[in-house]
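In case you want the letters, here they are:
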Amino acid sequence: MIKIQKKDFNLEEEIEKIKNNYSDIGALTSFVGYVRDLNKKKDVKYLNLEVYKEMAFKELSKIENNAFKKWELIDTLIIHRYGKLNVNEKIVLVSCFSQHRKDSFDACEFIMDYLKRDAPFWKNEFYYKDNEWLENSS
Amino acid sequence: MIKIQKKDFNLEEEIEKIKNNYSDIGALTSFVGYVRDLNKKKDVKYLNLEVYKEMAFKELSKIENNAFKKWELIDTLIIHRYGKLNVNEKIVLVSCFSQHRKDSFDACEFIMDYLKRDAPFWKNEFYYKDNEWLENSS
Amino acid sequence: MRIRYFAWIKDITNKDNETIDINHPKNLEELKEYLENIYPELKKHFLQDILRFAVNQEYVSENLNLKPIDEIAIFPPVSGG
Amino acid sequence: MRIRYFAWIKDITNKDNETIDINHPKNLEELKEYLENIYPELKKHFLQDILRFAVNQEYVSENLNLKPIDEIAIFPPVSGG
């Protein structure tokens, strides 16, 4: 499942909604990205996160499909927020559900790596004096 | 932080309690282990999870310390349950908080690997006709 | 065809999208030339080869032929996650 | 010294702990011999070398000397997580 939304989310609720559909899940690896207070040695006030929504859905679906081809997964969940995000807020959740832990670890890291590389989101980071568009290092 | 407890836990609440102490966290990798409905090709009714509590604290602290030596971590959280656990219930949570995602992924997998190998917990798995003490494969 | 701009590309074009109706560029290279004329500042970024292009929400790296119904997006390296 | 048993070891000993007060075994090997006499079924598991031993909540694999105040634990391979 892929969700692209402005609002915050509750980890327990989002994960339980998926987990409730299966009784053969033994392992879940989840990654959460947060807005940090300091970046490029400057105090961060907030982020403005821009998205190309139609393409983000397509691109994240492709990445999910590739993960399903490479590992034994039962389900996946990706939530990516956009809009104004303050320091300490969640930006992204990637959850990979599987029977055994190695599949969930590897798939979660794979999805995060490709999301960072290809998913069309842009962070405009606002400091106290100026702002800057960020680029993920590859 | 290490918690060894009978009762269930809420992922959002447990993670927020740690996250609230820091504003420099950018990345969190979490692993959750669940009781599966099927193991050794038999329908599982429930687990009885036994622990050597005093040693489990010591052993998990050692594993955490080793993770802190190997990676740039801000904090870690390990919750392991014991007692009677039904199918679909959470067994364990390992959360690794860091600035950058690679540290949290690697540390989380490391802690899970060593927890599985050395932490003194034993699963007594109850099926419909019999029961069996499990052993983690190394 | 519809062109969409994201992140700091919008600061150069002063808009987040526009429609090119007639005499449309036949392929991506022609589109780049067309846009360089309207937005001279884009030229150096095209030359540096740092921007990314998507046609109908799929990345393209070759000189794809374009149809009038296509949606073309131009944007800098991404920074999600 | 106090001996603690976990998982299916308890089914062999019929208890989860016991205290050996006098003439205590001087080291781990002596303790094993002592316990084999009381619980003959333990012998094959000791021989197969599958059990794990902890002294004062630390794993030991060598023939450590034991003190009367030590807590020794004997258990099968773990299965947490």
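Look up a bit, the structure's there.
A brief look at the structure comes next. Predicted model only: the values in this text are computed from it and were never measured.

Take the interface of chain A and chain B next. In this assembly, 38 residues from chain A lie in contact with 38 residues from chain B. Here chain A meets chain B over a buried area of about 3100 Å², counting both sides, of which 51% is carbon and sulfur. Interface area lost by chain A to chain B is led by Tyr34(A), Arg101(A) and Phe105(A), which between them contribute 22%. Measuring nitrogen to oxygen at the nearest pair gives 3.2 Å for the salt bridge that ties Lys102(A) to Glu109(B). For the side of chain A that touches chain B, the elements supplying multiple residues, two or more each, are helix H1 (11-19), strand S2 (27-34) and helix H3 (101-118) of chain A.

This paragraph deals with the packing of H1(A) against helix H1 (residues 11-19) of chain B. At a minimum axis distance of 6 Å, the contact between H1(A) and H1(B) shows a crossing angle of 145 degrees. Here H1(A) contributes Leu11(A), Glu12(A) and Ile15(A) to the contact with H1(B), which in turn contributes Leu11(B), Glu12(B) and Ile15(B). Here the residues of the contact of H1(A) with H1(B) sort into four nonpolar, no polar and two charged.

What follows covers empty space enclosed by the protein. Applying the stated criterion to the full structure yields two cavities of 30 Å³ or more. Within this model, the largest cavity holds a volume of roughly 60 Å³. Looking at the lining of the largest cavity, the elements that each hand over two or more residues are H1 and S2 of chain A together with H1 and strand S2 (27-34) of chain B. Class assignment for the residues of the lining of the largest cavity results in nine nonpolar, two polar and no charged. By volume, the second largest cavity is sized at about 30 Å³. Every residue along the wall of the second largest cavity is listed here: Lys32(D), His45(D), Phe46(D), Asp49(D), Ile50(D), Leu51(D) and Phe53(D). Looking at the lining of the second largest cavity residue by residue, the class counts come to four nonpolar, one polar and two charged.

Before going further, it helps to spend a moment on the environment of Arg52(D). Here Arg52(D) lies in strand S3 (residues 52-55). Relative accessible area serves as the criterion here: at 24%, Arg52(D) is assigned to the partly exposed category. For Arg52(D) and Val78(D), which are 26 residues apart along the polypeptide, the C-alpha to C-alpha distance reads 9.0 Å. Not counting chain neighbours up to four residues away, the residues in contact with Arg52(D) comprise Arg117(B), Asp118(B), Tyr59(D), Ala73(D), Ile74(D) and Phe75(D). A polar atom in the side chain of Arg52(D) sits 2.9 Å from the backbone oxygen of Arg117(B). A distance of 3.0 Å separates polar atoms of two side chains, one belonging to Arg52(D) and the other to Asp118(B).

Here the focus is helix H2 (residues 28-38) of chain D. Residues and elements named next belong to chain D. Here H2 has its buried residues at Leu28, Leu31, Lys32, Leu35 and Glu36. Along the axis of H2, the buried positions cluster into a sector of 135 degrees, meaning they face one direction only. Tucked into the core, H2 has its buried residues touching strand S1 (2-5), strand S2 (17-19), helix H3 (42-48), S3, strand S4 (58-60) and strand S5 (71-75).

With that settled, the discussion passes to the relation of the copies chain A and chain B. Each copy superposes on the other: chain A lies on chain B with an RMSD of 0.0 Å after a rotation of 180 degrees and an axial shift of 0.0 Å. Within this description, the copies of the chain are treated as partners about a two-fold rotation axis. Of the interface residues in chain A, 100% have counterparts in chain B that sit at the interface too, so the contact is made through matching surfaces.

Listed per partner, the contact involves 25 residues of chain B and 22 residues of chain D. Taking both sides of the interface into account, the surface hidden between chain B and chain D amounts to around 2000 Å²; carbon and sulfur atoms contribute 52%. The tally of links from chain B across to chain D stands at four salt bridges. Salt-bridge contacts for Lys10(D) lead to Glu50(B); the nearest nitrogen and oxygen are separated by 2.7 Å. Summed over the shared surface of chain B and chain D, the result is 20 residue pairs in polar contact (both at pLDDT 80 or more). Listing elements by their share of the side of chain B that touches chain D, those giving two or more residues are strand S4 (42-51), helix H2 (53-70), strand S7 (90-98), helix H3 (101-118) and strand S8 (121-127) of chain B. Considering only residue class, the side of chain B that touches chain D consists of 13 nonpolar, two polar and 10 charged.

Calculation notes
Residues numbered from 1 in each chain as written. Chains lettered and ligands numbered in written order. Predicted model: local features only at pLDDT ≥ 70, side-chain atom pairs only at ≥ 80, totals over all residues. Heavy atoms only, no water. Contact = heavy atoms within 4.5 Å. Buried area = accessible area lost by both parts, 1.4 Å probe. Salt bridge = Lys/Arg side-chain N within 4 Å of Asp/Glu carboxyl O. Helix = DSSP H or I, 4+ residues; strand = E, 2+ residues; numbered from the N terminus. Axes fitted to C-alpha atoms, helices over the stretch in contact; angles between N-to-C directions. Nonpolar A, V, L, I, M, F, W, Y, C, P; charged D, E, K, R; others polar. 1 Å grid on protein atoms, 1.4 Å probe; cavity = no way out; pocket = protein on both sides within 12 Å on 5 of 7 lines; lining within 4 Å. Points joined across faces, edges and corners; volume = space filled by probe spheres on them. Buried < 20%, exposed > 50% of the residue type's maximum accessible area, 1.4 Å probe, protein only. Polar contact = N/O pair within 3.5 Å; in protein donor to acceptor, adjacent residues only side chain to side chain. Arc of directions from axis to C-beta. Least-squares fit on C-alpha atoms with pLDDT ≥ 70 in both.

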